[in-house]
Amino acid sequence: MHGLNPQQSAAVAHCDGPLLVLAGAGSGKTRVIVEKIAHLVATARYPARRIAAITFTNKSAREMRERVGKRIRGDAADGLTVSTFHALGLKLLQIEHAAAGLRRGFSIFDADDSLAQFKDLLPGAKPDVVQAMQQLVSRAKNAGLSPEEAAAAARSTREHEAAVLYARYQARLAAFNAVDFDDLIRLPVQLLEADEDLRLGWRERIGYLLVDECQDTNDAQYRLLKALAGPKGNFTCVGDDDQSIYAWRGANPENLSQLAQDYPALTVVKLEQNYRCSNRVLRAANALIANNPHEHPKTLWSAQADGERIRVWECRDATHEAERVAAEIQFLQTAGKAQWNEFCVLFRGNHQSRALEKALQLLRVPYHLSGGTAFLARAEVKDALSWLRLVANPDDDSAFLRAVQSPRREVGATTLAKLSELAQHAQLPLSRATESIGLLKQLPARAANALGGFADIVRGLRAEAARLPPAELVRNLNERSGLLAAVRAQCKSEQQFAMRRGNLDELADWFDGPRGAGPGELAAQLALLTHADRDDGGNQVRLMSLHAAKGLEFRYVFIVGVDDDTLPHEASVDEGRIDEERRLLYVGITRAKERLWLSHAREAQKWGSRLRLTPSRFLDELPADELQRDGADPVADAEHKRERADAGFAAIKALLDA
Ligand SMILES: Nc1ncnc2c1ncn2[C@@H]1O[C@H](COP(=O)(O)OP(=O)(O)OP(=O)(O)O)[C@@H](O)[C@H]1O
Ligand SMILES: [Mg+2]
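Residues numbered from 1 in each chain as written. Chains lettered and ligands numbered in written order. Predicted model: local features only at pLDDT ≥ 70, side-chain atom pairs only at ≥ 80, totals over all residues. Heavy atoms only, no water.

- The name an unreviewed UniProt entry gives the chain is ATP-dependent DNA helicase Rep, with Luteimonas salinilitoris as the organism.
- Its UniProt record, at the heading Function (unreviewed entry), says of the chain: "Rep helicase is a single-stranded DNA-dependent ATPase involved in DNA replication; it can initiate unwinding at a nick in the DNA. It binds to the single-stranded DNA and acts in a progressive fashion along the DNA in the 3' to 5' direction." (UniProt positions renumbered as here; feature names shortened; annotations may be inferred.)

Here is the structure:
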C-alpha cells in the first residue's frame, strides 16, 4: 500500500467493524483517511457515493477530495461525500426538509442573525446578558437537548429562563423557515433517532464513515456519527486527545473513550512514527505534552534529522517581536532558503496580528491573514447574501430586513415598524406583505412605492433563479438590487471600489462549482464557509491563530506571544484550563517541519499602561538542550546579527533601486 507503515496499512485494511486511530501529531492520520477512501473504492467494498468523510473545515474537505481524486482513476471517485459535520447535516436537512418541518429554500442564520433574534426576544437586556443567554441556548442545543429536555435539565433559574427562551427562539426560526448552525447537527440527530425508516435509509445511503480530528467533535456531532454508523459501526475515526483545543466551543474529547464503550468491537490502532517534524521539534513537543495527564502515554518518534535548535527570542515588546519575525522571514527568503508560503506565523489571539501585519508591510513581505477580515463578514458580501436568502426564502424576515435597507431606499424605521404591524395582523412574513397591494395601500404613498419597487425586484430575481446558472444569478442580483451602485457611491477612490467590487465578483465565482442548486442551497453552502476556507493564499506568508492551524504543516513556524499572559491565556489560567492551553502550544509546535521560533515580549501596553510580562511557563517545560535562547551563544548570535545586517542592507538597496 503506497508507502504506508505497517500500522497505517493495518488501519487502511481494517474495513469490517469500528476502528479508531489514536495517534499524535504528524503521524499520518489524515493520510490514512485519504488512503482508506481510495482503498474502499479500489477494492469495490463501497462505491464512492456510499462513503462519507468528515473533515474539520470545508477547505480540508476540498483538499481531501483532490487528494482522493488523484489516487483513484477515472470517475470512480464521483459521488464521494467529503464535508464538515455541518455541511453533512445541511445535506441531510435539504433532502429531509419536510420531516424537519422546513420548506425548500430554508435559510441558515449565522451567529449575527441569531444574536439579533435574542436581542429582540430580550428587549432592554444588557448586551452581555443577551450574549450569555444565546450561549446557554447554544450549549443546550450542542448537548442535543430539545427545549423541553433543556427545561427538565435546568438546575438554576438562569438555565430555566434559557430553556424558555430556547423554545421561543425556535418558534421564531420556524416562522422564518430558518435554522441556525447548531440546528444543522441537532435536527438531523433528532430525525435519525426518532424515525426508523429515515434512519435505515440514511445508513443505506452512507455505508461507510470516516471522521478526521475526532477529538474535537461535540456531543451532538457524536450522536450524529452514532446514528449514521449504526450498531455495526462501519467507521474509521482518527484523532489525538492531545490536540483537543475546542472545549470552549463544546467539543468533548471524552467522546474518544466513549467510542470504546458504545462499540465493544472497536479496534484501536496507534501510530507512533511522526513524518512531519525534525527530531528536535518533536522532542520538544513530546516533553511539553508529557506535562498533561495521560491515561495511555503515547510515544512519538521521528526518523528525521535533529535539525536546528528551537530559537527562543526575548523581545522588548510586540512591535520589536514582529519586526524580528518579519526580518527573519525576509532574510531566509532573500537568501534563497525558502518560498514565502513556507512560513507561518501563529498567535493565540487575533489582535496579535496587527503588529505582525505592520512589520511585514514595512518590509514588503507578502502575507495572507486568515480570519479577522473574513471575506464573508464584509458588509457588501453579507448584503448580497441576504438578497440571495430572500430570493430563496420569502419567509426570511431577517434577510428581508437587511436586503430592504441595502442599498438604502425610502424605507425608514417608521415604515418598517408599520409594515411589521400590518404583516403581523395579516399573519404574513414581511416580504410577502410587501407583495400585497391591499396591504401596501395602508402605508403612506412614498413608502408604499419604495416597498412595491423592492418587491418587484425580488420577484424578478426569483423568476430568474429558476433558469439562470447560479453565478449569473448572483451577478444580476448585484446589479439589479442596486448593491453595486451603492458600493460605488460609498467608495472614495476607484481603487477602493475595485476592491469591494472584487468581493462581489468573488462571491459570484464561489457559485461556479455546484450546478443545478437553487439560490437557497447556494446561500446555505456559503453560510457554512469559515475563515479557514478562504485560505488559498498563493505564495504568501501565512498568519493565523493557533486554533486555525490544526491539521496544517509548514516548513518554518514562528509562534509569537509566548508569555504568561497570552499563552497560557490569563483567563484560562484563572479558570484552571492550563491543560488546554498546553495542547494549543503542542498543536502550534507540531506544525513545524524544519524550524521553529518561539518569541515573547518583556512588556505590553494594556489599558493605556505598561505591563511587565514574564516568559510563558511552558518554555520551562521544554528541554533546554533543544533550545537556543537569545544571548546563550555569543558566537552564533554575532554570526546571526552579521547575516541579518547584510540582508537588511540588501533589502534597503533593493527598495531604493525600485
Ligand atoms: N507513511 C508515510 N511515509 C511518508 N510520509 C508520510 C507517511 N504518512 C504520513 N506522511 C506525511 O507526514 C505528514 C503528516 O501527515 P498527516 O498530516 O496525515 O498527519 P496527521 O496525523 O493527520 O497530523 P495532525 O495530527 O497534525 O493532523 C504529511 O506530510 C504526510 O504526507
Ligand atoms: Mg491530520
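Structure's up, so let's keep going.
## Quick word on the overall build of the chain
And then number 1: Across its full length, the chain holds 28 helices and 19 strands.
And then number 2: Compactness check: the chain gives a C-alpha radius of gyration of 27 Å against a globular reference of 26 Å for 658 residues, within 12% of the reference.
And then number 3: The dimensions of the chain, computed from C-alpha atoms along their principal axes, are 85 × 65 × 60 Å.
And then number 4: Here the contacts in the chain between residues at least 6 apart in sequence split such that 77% fall between residues at least 24 apart.
And then number 5: Placing the 86 positive and 88 negative side-chain charges of the chain at their respective mean positions leaves the two points 3 Å apart. (Helix = DSSP H or I, 4+ residues; strand = E, 2+ residues; numbered from the N terminus. Rg over C-alpha atoms; globule rule 2.2 N^0.38 Å. Contact = heavy atoms within 4.5 Å. Lys, Arg positive; Asp, Glu negative; His and termini not counted. Charge placed at Lys NZ, Arg CZ, Asp CG, Glu CD.)

## Considering the sheet that holds strand 8 (residues 267–271)
And then number 1: What the 6 strands build is an open sheet, ordered 3-2-6-7-1-8; its pairing is parallel. Both outer strands of the open sheet, strand 3 (81–83) and strand 8, are each paired with one neighbouring strand and no more. Across this sheet, the average inter-strand angle for adjacent strands is 15°, counted without regard to direction.
And then number 2: By the bridge criterion, 3 bridges tie strand 2 (residues 51–54) to strand 3 in an arrangement that is parallel. Paired with I54 across the strands is S83, a residue of strand 3.
And then number 3: Along the sheet face, helix 4 (residues 85–95) touches strand 2, strand 3 and strand 6 (208–211) and points at about 125° away from the line of strand 3.
And then number 4: Against the sheet, helix 11 (residues 219–229) contacts strand 6 and strand 7 (235–239), and its axis sits at roughly 155° relative to strand 6. (Pairing = 2+ DSSP bridges. Axes fitted to C-alpha atoms, helices over the stretch in contact; angles between N-to-C directions.)

## So, the packing of helix 10 (residues 196–205) against helix 11
And then number 1: Close contact between helix 10 and helix 11 brings their axes to 8 Å; oriented N to C, the two are set at 80°. One finds that helix 10 runs roughly perpendicular with respect to helix 11. Side by side, helix 10 and helix 11 meet where R199, W202 and R203 of the first sit next to K226, A227, L228 and A229 of the second.
And then number 2: Of the residues assigned to the contact of helix 10 with helix 11, the class counts are 4 nonpolar, no polar and 3 charged. (Parallel < 35°, antiparallel > 145°, perpendicular 65-115°, else oblique. Nonpolar A, V, L, I, M, F, W, Y, C, P; charged D, E, K, R; others polar.)

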